[in-house]
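Read off the chains here:
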Amino acid sequence: SRNNHLDDVLIKCELQRQAAGLSEQDTTALARDLAHRIKTFIGISTQVTVLPPEGIARTQVGKARRVFDHRPALH
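Everything numeric here is computed off the predicted structure, so don't read it as measured data. (Residues numbered from 1 in each chain as written. Predicted model: local features only at pLDDT ≥ 70, side-chain atom pairs only at ≥ 80, totals over all residues. Heavy atoms only, no water.)

## Some thoughts on the nonpolar core
We apply this condition: Side-chain atoms within 4.5 Å link the members of a nonpolar core, which is a set of buried Ala, Val, Leu, Ile, Met, Phe, Trp, Tyr and Cys residues. Working definition: with a 1.4 Å probe on protein chains only, accessible area under 20% of the residue-type maximum means buried, over 50% means exposed, and in between means partly exposed. Under the scheme used here, helices are H or I runs from DSSP no shorter than 4 residues and strands are E runs no shorter than 2 residues, and both carry numbers assigned from the N terminus. In what follows, residue pairs with any heavy atoms lying within 4.5 Å of each other are defined as contacts.
One finds Cys13, Leu15, Ala31, Ala35, Ile38, Val48 and Val50 forming the largest nonpolar core, which totals seven residues. At the level of secondary structure, the elements contributing two or more residues to this core comprise α1 (24–41) and β4 (47–51). Here this core takes three residues from α1, the largest share from any one element. In this view, Leu15 contacts Leu22, Thr27, Leu30, Val50, Leu51, Pro52 and Pro53; residues no more than four positions away in its chain are not counted.

The following block contains the structure:
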């Protein structure tokens, strides 16, 4: 999405099934770590949300939709 002149990036990722038992505190720490790594390697600030396994909706053939662009269209 866009906030004034800056883009906002939200990243949603899923835990692997083996990690399904992580606490909320652990998943919050994981999200912070991922956001920091993205900032370090790519140079953009993001908001990261860690979801449980199978937490991302999939199509009938099992593929997750990867990009949602909610920025207003440029004219």
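## Points about the pairing of strand β3 (residues 10–14)
The two faces of a sheet get side chains in turn, since along a regular strand they alternate between them. Selection criterion: Strand pairing follows a simple DSSP-based rule, namely that at least 2 bridges must link the two strands. Look down the strands so they point away from you; if going from the first strand over the helix to the second traces a clockwise path, that crossover is right-handed.
Pairing of β3 with β4, which is carried by five bridges, proceeds in the parallel orientation. The residue bridging Glu14 from the neighbouring strand is Leu51, located in β4. After leaving β3, the chain enters α1 and then returns to the sheet as β4, a path that is right-handed.

## So, the pattern of salt bridges
Threshold: Definition used for salt bridges: Asp or Glu carboxyl oxygen within 4 Å of a side-chain nitrogen of Lys or Arg.
Taken as a whole and judged by the stated rule, the model has two salt bridges. A salt bridge links Arg17 to Glu54; the nearest nitrogen and oxygen atoms lie 2.6 Å apart. With Arg17 in the loop between β3 and α1 and Glu54 in the segment after β4, this pair connects stretches of sequence that are 37 residues apart. Between Arg37 and Asp33 there is a salt bridge, with the nearest N and O atoms lying 2.9 Å from each other. Here Arg37 and its partner Asp33 are both found in helix α1, four residues apart, which amounts to about one turn of the helix. For Asp33, a relative accessible area of 33% puts it in the partly exposed group.

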